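Residue-level listing of the chains:
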Amino acid sequence: MAALTWLLIPLFAAVGSAIWASWAARNRTAGDGAELAGYSRFREAMEKSQAETEPA
């Protein structure tokens, strides 16, 4: 019985690592559109405020 236990440990480790690898390699193409749009608005606001503060 002890030998079976020692053989099951690597089996559980292999199954666990396969589950982790499939989770780590998942497709995470969540939309970055909102973040990019927010950054674009921020950049435009900063350019506008810089243009207002520069002497003419």
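Residues numbered from 1 in each chain as written. Predicted model: local features only at pLDDT ≥ 70, side-chain atom pairs only at ≥ 80, totals over all residues. Heavy atoms only, no water.

Trainee: Please set out the overall build of the protein residue by residue, giving values where relevant.
Mentor: The helix and strand inventory of the protein stands at two helices and zero strands. Taken over the C-alpha atoms alone, the protein extends approximately 85 × 20 × 10 Å along its principal axes. Residues classed as buried in the protein amount to 0% of the 56 residues present. With the model as given, the accessible surface of the protein reaches about 5,300 Å², and the carbon-plus-sulfur share is 67%. Averaging the coordinates of the 5 positive side-chain charges in the protein and doing the same for the 6 negative ones gives two points 12 Å apart. (Helix = DSSP H or I, 4+ residues; strand = E, 2+ residues; numbered from the N terminus. Buried < 20%, exposed > 50% of the residue type's maximum accessible area, 1.4 Å probe, protein only. Areas by Shrake-Rupley, 256 points an atom, 1.4 Å probe, with all protein chains shown as cover. Lys, Arg positive; Asp, Glu negative; His and termini not counted. Charge placed at Lys NZ, Arg CZ, Asp CG, Glu CD.)

Trainee: An account of the environment of Glu52 is needed here, citing residue identities and associated values.
Mentor: With respect to the helices and strands, the residue Glu52 is situated in helix 2 (residues 33-53). Glu52 gets classed as exposed once you look at its relative accessible area, which sits at 62%.

Trainee: Can you break down the environment of Phe12 residue by residue, with the values?
Mentor: Among the secondary structure elements, Phe12 is positioned in helix 1 (residues 2-24). A relative accessible area of 58% places Phe12 in the exposed class. Counting along the chain gives 32 residues from Phe12 to Glu44, while the straight-line C-alpha distance between them is 54 Å.

That's the geometry; what it means functionally is another story.
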